[in-house]
Amino acid sequence: MKKQIKAANSADEKTDSSLTETPSPLETLPFPIVGIGASAGGLEALEQFLRNVPENSGMAFVIVQHLDPNYKGIMAELLQRTTVMEVFQVRDRMRVKPNCVYVIPPNKDMSILHGVLHLFDLATPRGLRLPIDFFLRSLAEDRQERSIGVILSGMGSDGTMGLRAIKEKAGVALVQEPASAKFDSMPRSAIEAGLADLIAPAEALPGKIIDYLRHALIFARTDQSLEEKDQSALEKVLILLRTKTGQDFSLYKKNTVYRRVERRMSIHQIDRIAAYVRYLQENPQEVELLFKELLIGVTSFFRDPETWRLLREEAIPLLLESHPAGGTLRAWSAGCSTGEEAYSLAMAFKEALREVKPTEAFKLQIYATDLDQDAIDKARQGVYPANIAADVSPERLKHFFIQEENGYRIGKEIREMVTFATQNLIMDPPFTKLDILICRNLLIYLTPELQKKLLPLFHYSLLPGGVLFLGSAETVGTFTDLFTPLNAKARLFRQRESVLAEPLAFPASFVPARPGVPRGLTMLKPVANLQSLAEQLLLQSFSPPAVLTNNKGDILFVSGRTGKYLEPAAGKANWNIFAMTREGLRFDLGSAFQKALLQKDPVTVHGLKVGTGVGTQTVDITVQSIEEPEALQGMVMIVFSDVATPPKQKRPGRSKTATSDSAKVPELEHELQQFREELQTTREEMQSSQEELISTIEELQSTNEELQSTNEELTTSREEMQSLNEELQTVNAEQQSKMEELARVSNDMRNLLNSTEIVTVFLDNELHIRRFTSGADKLFKLRAGDVGRPLSEIVSDLIYPKMTEEVQEVLRTLAFSEKQIAARDGRWFSVRIMPYRTMEDVIGGVVITFANITVFKKSEAELREEIARLKAEG
């Protein structure tokens, strides 16, 4: 049995024609569809918006709200009063028609496919739901550049991701001015994300849409190909972009660039591209907006979840298997936008490690780059709105994110895996020696010629067996000799070792060369130099052991064999040189290290003795603080040089000075031993203090976790209160509307009954008086306080002793009764007794009407007398 959903105008059979079979994908709808998002308390904004839409606008409007799943919605009825368009509450598989308004029913999510609305049961009745994002994303896919998204008053950030999807498809996004919104969270979220094309009060937005569509229609009716359009003006636009931003879009697909330019022209109601060039020259801020427009791309956590699952379960385990010794893998996310993709890779890698459980330690260093500096800044912050819960599972939110007041922050463990930087893929050098390269949904915007240059560059950047991860609409094309499919459907490929058929082109050669400048330069092999070759041989074979540390003594690099001078310290691994230095060198090395940091000149200590296990070795130590090159500035180089121990020679005699010096040696050794003991005591005290500090830090961390847990509970409670507040706002608005409607109906009925001068008495099923009209007090001894009393207790002027019995008979048989009854004062009344039926066809008592027929009776009597007189005379 089909489930039926009551529509707003359920009595109107014309809605039945809206239920149709799903049309063929080849069918298209010529009219634009406007998706409107608002919270339950946004009734006022919706009324202001619809009140200003013309009757024959040629558009369809689909309203998506936050509604209580258990509440019976009457929003369609409320909105019908404010617009001449037909308003429907959506039923499953209802086809969208122009000049109509469609309202989502409670307890449902809604999507659109080929112009037909589909309803979905809610996965969870409570908690964070994002019905606006869900619908706007489907609208963007279904209507493409003819999709229009509008965000009105509402709490939270629902709708922001949906507007981003619409912008990617070259649709238009409009947002209510926050100052005019009852709840400004949703409008502010969309504006702060940089997605609003037009911002205005709710009542002004329909006019903005009509103006935009009027100019968009002019471009749509133009059948000229791009080559026949004003190429010169388009090139001037690209020049202005390059001058202002430093980025060259000449290698992007011309049609893509032109569509984005046309969209900006429609927003500003500019008909000719030459006029738009002048507008760009006069308004530098528009150049920045066009630059952002060209960079718009939909990004989300784990976009296309199935492909990310295959990356985690198939590609990453293969990479781990190919590195049996463990170590650090390298990855590059090109065109990372605001960072969701790079962080998704980091989370997928962590999950893969938990599943595979390799015996060796692995790390992943991710380099994430994008052309947009603002997007990179947002990615570095790692803060995302609460609506990412639609794309990120609760388990991932719990393990990899920190919940904050307005959303989620990436956890420290994941954040430290990613390094963000601005980079132009087609102009700047690539990252190399990569294990994973992600470039999703970027190649589709570039010309085929540029794609053919980038794919060999990706092959060069990846290590043998490295993974290339492309977007769902992208492929390696003819470069099957460079990449082998790991999973072609998921666009996962592995680099295969092969020789390039053509010389590799680097980004500097991608941009067309200027006249007079050669397109590329041939790299010449340098001539062998005897001196440099000899120096390299000496450095490799005869250079002394050395260690590079930071200014705290932590070892960064080791050259040569240093085992005679350094050994691992017992206990927890410690790579500090002072903990690893062997006995005999430790004290003097520490002294020389501090001197080198202070005086910036090399400090050399001669004649130190260190035990080697088979004797002692004399060593000279040179310590130097590094100033150049800049990359090593602030680091310290320590060089160990073995010195041959001179043989002991017998001498015929010794001088007094030598004897005196020999006498001081035991004393100096004793003092040195005292210093060493004091130093050891100091180190033990510092170790104890460090342990106490660690203990304090752990206590603070525990307290912080408790506070964080409390904060999460408070945040959840606040969200529930906000949701409840929105629901109460809606209930209040609907109840107020119902009260006003009932007051109007009551007034209408009162005036109707008074105008007929028919006395009416309403009784309930127990024959108690429920209501009576004016004039009833002239037949019955009634007062306002008699409501609720039995009719039988009320004194009447009518000569009608069986009235109560006949009322009971009407209730029993449900057949009405009508009689002419006289009053004691000579008046006559037509008494009609009928069952009282409710809208649900339930008997709720009886209605008795008393129509005064005294005049009729007198006329009847006079007529009878006249007839009798005529008979007597005749």
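Structure: see above.
All values derive from a computational prediction rather than experimental measurement.

Digging into the nonpolar core
A general feature of soluble globular proteins is that nonpolar side chains tend to end up buried together. By size, the foremost hydrophobic cluster in this structure holds 47 residues, and its most contacted members are Leu241, Cys439, Phe458 and Leu468. Among the elements of the structure, helix 7 (231-245), helix 8 (254-267), helix 9 (273-282), helix 10 (284-295), strand 11 (327-334), strand 17 (434-439), helix 16 (448-461) and strand 18 (462-470) are those that each provide at least two residues to this core. Excluding anything up to four places from it in sequence, Cys439 contacts Ala334, Leu425, Phe458, Phe469, Leu470, Gly471 and Glu474.

Notes on a nonpolar patch on the surface
A cluster of nonpolar side chains, contributed by Phe587, Phe675 and Leu679, occupies part of the molecular surface with about 250 Å² of accessible area. Accessibility expressed as a relative area gives 44% for Phe675, which makes it partly exposed.

Describing the packing of aromatic side chains
By the definition in use, this model includes 17 aromatic pairs. Between Phe88 and Tyr102, the ring centres sit 5.6 Å apart and the planes meet at 35°, which makes this aromatic pair tilted. Of the two residues, Phe88 is situated in strand 3 (residues 86-89) and Tyr102 in strand 5 (residues 100-103); the sequence distance between them amounts to 14 residues. Judged by centre distance (6.4 Å) and plane angle (15°), the ring pair of Tyr276 and Tyr279 falls under stacked. In this pair, Tyr276 and Tyr279 are both assigned in helix 9, 3 residues apart and thus about one turn of the helix distant. What makes Tyr276 buried here is its relative accessible area of 0%. Residue classification places Tyr279 among the partly exposed positions, given a relative accessible area of 25%. Here the aromatic cluster, defined as three or more aromatic residues joined through ring pairs, consists of Phe301, Tyr343, Tyr384, Phe401, Tyr408 and Phe420. A cation over a ring is seen here: Arg396 above Phe302, with NZ or CZ 3.7 Å from the ring centre. Of note, Lys857 hangs over the ring of Trp828, and the distance from its end group to the ring centre comes to 4.4 Å.

Re helix 5 (residues 185-192)
What helix 5 keeps buried is the set Met186, Pro187, Ser189 and Ala190. Across the axial projection of helix 5, the buried residues extend over an arc of 160°, all falling on one side. Once helix 5 finishes, Gly194 follows within two positions and takes phi at roughly 75°, a positive value.

Structural notes on the sheet that holds strand 30 (residues 843-852)
In a beta sheet, neighbouring strands are held together by backbone hydrogen bonds and run either parallel or antiparallel to one another. Pairing is antiparallel in the open sheet, where 5 strands are placed in the order 27-26-30-29-28. Where the open sheet ends on each side, the last strands, each with one partner, are strand 27 (769-772) and strand 28 (817-822). Across the sheet, the mean angle from the axis of one strand to that of its neighbour is 20°, orientation sign disregarded. Pairing of strand 26 (residues 759-763) with strand 30, which is carried by 5 bridges, proceeds in the antiparallel orientation. Within strand 30, the residue paired with Leu763 across the bridge is Val846. Sheet contacts for helix 21 (residues 803-813): strand 26, strand 28, strand 29 (828-837) and strand 30; angle to strand 30, the most-contacted strand, approximately 135°.

Details of the packing of helix 7 against helix 9
The geometry of helix 7 relative to helix 9 is characterised by a closest axis approach of 9 Å and an angle of 20° between their N-to-C directions. Classified by the angle between their axes, helix 7 and helix 9 sit roughly parallel to one another. Crossing of helix 7 against helix 9: the hand is left-handed. Touching Ala233, Leu234, Lys236, Val237 and Leu240 of helix 7 are Ile273, Ala274, Tyr276, Val277, Leu280 and Gln281, all from helix 9. Tallied by class, residues from the contact of helix 7 with helix 9 come to 9 nonpolar, 1 polar and 1 charged.

A short note on the pairing of strand 12 (residues 362-370)
Taking burial as the measure, the 9 residues of strand 12 include 7 buried ones, the bulk of the element. Relative to strand 12, strand 11 runs parallel, the two being bridged by 8 bridges. Bridging across to strand 12, Gly327 finds its partner in Phe362. Handedness of the strand 11-helix 12 (residues 340-356)-strand 12 crossover: right-handed. Two strands pair when backbone bridges link them, and strand 12 and strand 16 (residues 418-422) are joined in this way by 5 bridges, in the parallel orientation. Residue pairing across strands places Thr369 opposite Ala421, the latter belonging to strand 16.

Cut-offs used in this document
Residues numbered from 1 in each chain as written. Predicted model: local features only at pLDDT ≥ 70, side-chain atom pairs only at ≥ 80, totals over all residues. Heavy atoms only, no water. Core = buried A, V, L, I, M, F, W, Y, C linked by side-chain atoms within 4.5 Å. Buried < 20%, exposed > 50% of the residue type's maximum accessible area, 1.4 Å probe, protein only. Helix = DSSP H or I, 4+ residues; strand = E, 2+ residues; numbered from the N terminus. Contact = heavy atoms within 4.5 Å. Patch = residues over 30% accessible without salt bridge, like charges linked within 9 Å, V, L, I, M, F, W, Y side chains within 5 Å. Areas by Shrake-Rupley, 256 points an atom, 1.4 Å probe, with all protein chains shown as cover. Salt bridge = Lys/Arg side-chain N within 4 Å of Asp/Glu carboxyl O. Phe/Tyr/Trp six-rings, centres within 6.5 Å; stacked < 30°, edge-to-face > 60°. Lys NZ or Arg CZ within 6 Å of the ring centre and 35° of its normal. Arc of directions from axis to C-beta. Pairing = 2+ DSSP bridges. Axes fitted to C-alpha atoms, helices over the stretch in contact; angles between N-to-C directions. Parallel < 35°, antiparallel > 145°, perpendicular 65-115°, else oblique. Left-handed = near helix turned anticlockwise from the far one by under 90°. Nonpolar A, V, L, I, M, F, W, Y, C, P; charged D, E, K, R; others polar. Right-handed = clockwise from strand over helix to strand, strands pointing away.

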